[in-house]
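# A look at the structure
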Number of protein chains: 2
Amino acid sequence: MQKKANVSQSTVSRVFTPGASVSEKAKRKVLQAAEELGYRPNALARGLITKKTGMVGLAMKDIQNPFYHEILGMFSEKLRKRGYTVLFVYTENEEIQQEEINHFLEYNVEGVIVTDALLSSKVVTRLHDNNIPITLFNRYDKHLSCNSVYCDNIRASKEIASYLYAQGCEDIVFITGKINTSTSRDRQLGFTSYLKNKGIDAAILEGDYTYEKSYHVTNEYIKNNRIPDAIFGANDITALGALDALKK
Amino acid sequence: MQKKANVSQSTVSRVFTPGASVSEKAKRKVLQAAEELGYRPNALARGLITKKTGMVGLAMKDIQNPFYHEILGMFSEKLRKRGYTVLFVYTENEEIQQEEINHFLEYNVEGVIVTDALLSSKVVTRLHDNNIPITLFNRYDKHLSCNSVYCDNIRASKEIASYLYAQGCEDIVFITGKINTSTSRDRQLGFTSYLKNKGIDAAILEGDYTYEKSYHVTNEYIKNNRIPDAIFGANDITALGALDALKK
DNA sequence: CTGAAAGCGCTTACAG
DNA sequence: CTGAAAGCGCTTACAG
């Protein structure tokens, strides 16, 4: 490549480094040669020396919720616009495996994003040791020291409770998601605490964010009780399952 | 690292290369030091020299079809099990952009998989020039020379037509997907050709794989015609849109 | 503005 | 079985 353009390796490098000082003439020569050869700087070599690999690890658990599909699209797009590319890992297991994190480490990702999956503290430590920032999406963990972005589920579910209360509902059911997720816990907490204040004890059915489970538990419930005034599901999938059980 | 284990760089490398000849003793020393230091071989450096980066590029177009979410999970899992990690790109645009392919090239992916997106022939050439195999999933293109895996949509839709015919349906509608996709074209072809043989002309409504469009066209259709005996949508989303239009 | 040299962390012949 | 050396394709001081 540098032969073709008749300049040094350094100059080639400068042409592809925004803000580096190169003469217009050298730039033209290099760009033209690059065009002819189909040359592109090797990201691996660059990453090796600069320690900036331009990659971000994204881990996501395999579930049916289409919401996360959308999320994946957003992350991918926004990251690309900022010059990052995503190294993607689907985790089948509940906790993100050491093996999967190892991939992130080996490729020197500049950060990792975890959505809808759990992290063992060992894994977090490992990442920290390598100075790789990690952020949790839509969940948090008091015991883990990492950034996280999530919504105020407690407040939101209080609002839902308040709405239902205002409608005059009294016989109310809450169907949980996976009980070890902060999202489900918070929604339950906000919901029930509001109602308790008003003297209402919501019935709690244990779900796990799947359609099937939710269908099943509401089915069982309505067999033995009268149809409640309202059911609040921990997420959309849960609500769908309950809805279909009621229809039947 | 090699200092800690008191061996040469070469030996360290051999320990992490399956099948290389290292003594048990050296292996133990290295593994132990690695454990203490949290050492992992740098995949970038390795990729740079071996030309095997262990990465596969996966491009997917941003659509609502949950089917592709599942597909993504499968690809990701299977690839990981074979030692590959996936470099993921969501494409918003119809055709996969040069820019996005450049990413794949810069990182020296060992192959690229394209699902639900179009490829310009320029991009294919570019990839070919770099000896990067590319495979299309669930679509094909006569003009492009690349591998592809897809189902026999023509035959499948013939079978659907034959089923409807056997049920005695005569007034039949087909709602297309995006007309420039092989999937939609083949489904239409198989479906209508079978029916034409039986003397039935199916009405064709042009959709684009979205729920909204499908809802709209069937709505318009039933305003001006009587309700058909059967509607065949080019995919699930299309069928859903039609279904809801009918319900109303 | 430009080039020669060193170095990023690995692998791979080559000797021993 | 093991180590020294060269090299993968880049970037980055250092001189000029």
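The name given to chain A in an unreviewed UniProt entry is LacI family DNA-binding transcriptional regulator, and the organism recorded there is Tigheibacillus halophilus.

### Focus on a nonpolar patch on the surface
All names here are of chain A. Taken together, the side chains of I227, L240, L243 and L246 define a hydrophobic patch exposed on the protein surface, amounting to about 350 Å² of accessible area. With respect to the helices and strands, the residue L246 is situated in helix α11 (residues 236-247). With a relative accessible area of 34%, L246 lands in the partly exposed category.

### Thoughts on the sheet that holds strand β4 (residues 134-137) of chain A
Here we have 10 strands laid out as an open sheet, ordered β5(A)-β4(A)-β3(A)-β1(A)-β2(A)-β2(B)-β1(B)-β3(B)-β4(B)-β5(B), and mixed in their pairing. The open sheet has two edge strands with one neighbour each: β5 (147-149) of chain A together with β5 (147-149) of chain B. Between one strand and the next, the sheet's axes are offset by a mean angle of 25°, whatever the strand orientation. Here strand β1 (residues 55-61) of chain B pairs with strand β2 (residues 85-91) of chain B via 7 bridges, running parallel. Pairing of M55 of chain B across the sheet is with T85 of chain B, part of β2 of chain B.

### What to know about the nonpolar core
One recurring pattern in soluble globular proteins is that nonpolar side chains are buried together. Grouped together as the largest cluster of nonpolar side chains are 44 residues, with contacts concentrated most on M55 of chain A together with M55 of chain B. Not counting residues up to four positions away in its chain, the partners in contact with M55 of chain B are L44, M55, L87 and Y107 of chain A together with Y84, T85, L87, Y107, V109, E110 and G111 of chain B. One finds I71, F88, Y90 and I113 of chain B within the second-largest nonpolar core, a separate group that totals 26 residues.

### Focus on unusual backbone geometry
Look at N131 of chain A: it is not a glycine, yet its phi comes out positive at around 60°. Here N131 of chain A shows up in the loop between α7 (121-129) and β4. With a relative accessible area of 68%, N131 of chain A lands in the exposed category. Positioned with a positive phi, Y209 of chain B is a non-glycine residue whose angle comes to about 75°. Mapped onto the secondary structure, Y209 of chain B falls in the loop between β7 (203-205) and α10 (211-224). According to the relative accessible area criterion, Y209 of chain B is buried, its value standing at 16%.

### Considerations on the domain arrangement of chain A
All names here are of chain A. When its domains are assigned, chain A resolves into domain 1 (2-41), domain 2 (49-149) and domain 3 (153-247). Relative placement of domain 2 and domain 3: their C-alpha centres are 30 Å apart. With 9 residues of domain 2 at the interface, the matching set in domain 3 holds 12 residues. Here domain 2 meets domain 3 over a buried area of about 740 Å², counting both sides, of which 38% is carbon and sulfur. Here domain 2 is connected to domain 3 by 0 salt bridges. One can count 1 residue pair in polar contact (both at pLDDT 80 or more) joining domain 2 with domain 3. Its residues assigned to classes, the side of domain 2 that touches domain 3 comprises 3 nonpolar, 3 polar and 3 charged.

### Focus: the interface of chain B and chain A
On the chain A side, the residues contacting the 38 residues of chain B number 38 residues. Area buried by chain B at its contact with chain A is led by L44, H69 and R80 of chain B, which between them contribute 21% of it. Residue E106 of chain A pairs with R40 of chain B through a salt bridge whose shortest N-O separation is 2.3 Å. Taken together, chain B and chain A are joined by 14 residue pairs in polar contact (both at pLDDT 80 or more).

### Quick notes on the protein's contact with DNA strand C
Around DNA strand C sit 25 residues in total, of which T11, S21 and I49 of chain A together with S13 and N42 of chain B are the nearest. Backbone atoms, meaning sugar and phosphate, form 61% of the atoms of DNA strand C found within 4 Å of the protein. Between R14 of chain A and DNA strand C, the recorded distance is 2.6 Å, taken from a side-chain N or O atom to a base oxygen. At the level of elements, α2 (9-15) and α4 (43-50) of chain A together with α2 (9-15) and α4 (43-50) of chain B are the ones that each hand at least two residues to the surface near DNA strand C. Among the elements that make up the surface near DNA strand C, the one with the highest residue count is α4 of chain B (5 residues). A per-class count over the surface near DNA strand C returns 10 nonpolar, 10 polar and 5 charged.

### Comments concerning helix α8 (residues 153-166) of chain B
Since there are 3.6 residues in each turn of an α-helix, residues three or four apart along the chain are aligned in direction. Residues and elements named next belong to chain B. Counted at 1.5 Å a residue, the expected span for α8 with its 14 residues is 20 Å, and the 20 Å between its end C-alpha atoms agrees. Within α8, the full set of buried residues consists of N153, S157, A161 and L164. Each buried residue of α8 sits inside an arc of 70° when the element is viewed along its axis, so together they form one side. Relative to its buried face, α8 has exposed residues pointing more than 90 degrees away, namely R155, Y163 and A166. Structurally, α8 contributes buried residues whose contacts are with β6 (172-175), α9 (182-197) and β8 (230-233). A positive phi of about 90° marks G168, the residue just after α8.

Here is what the cut-offs are and how they apply
Residues numbered from 1 in each chain as written. Chains lettered and ligands numbered in written order. Predicted model: local features only at pLDDT ≥ 70, side-chain atom pairs only at ≥ 80, totals over all residues. Heavy atoms only, no water. Patch = residues over 30% accessible without salt bridge, like charges linked within 9 Å, V, L, I, M, F, W, Y side chains within 5 Å. Areas by Shrake-Rupley, 256 points an atom, 1.4 Å probe, with all protein chains shown as cover. Salt bridge = Lys/Arg side-chain N within 4 Å of Asp/Glu carboxyl O. Helix = DSSP H or I, 4+ residues; strand = E, 2+ residues; numbered from the N terminus. Buried < 20%, exposed > 50% of the residue type's maximum accessible area, 1.4 Å probe, protein only. Pairing = 2+ DSSP bridges. Axes fitted to C-alpha atoms, helices over the stretch in contact; angles between N-to-C directions. Core = buried A, V, L, I, M, F, W, Y, C linked by side-chain atoms within 4.5 Å. Contact = heavy atoms within 4.5 Å. Domains from an automatic or database assignment. Buried area = accessible area lost by both parts, 1.4 Å probe. Polar contact = N/O pair within 3.5 Å; in protein donor to acceptor, adjacent residues only side chain to side chain. Nonpolar A, V, L, I, M, F, W, Y, C, P; charged D, E, K, R; others polar. Near = heavy atom within 4 Å. Expected span 1.5 Å × (residues − 1). Arc of directions from axis to C-beta.

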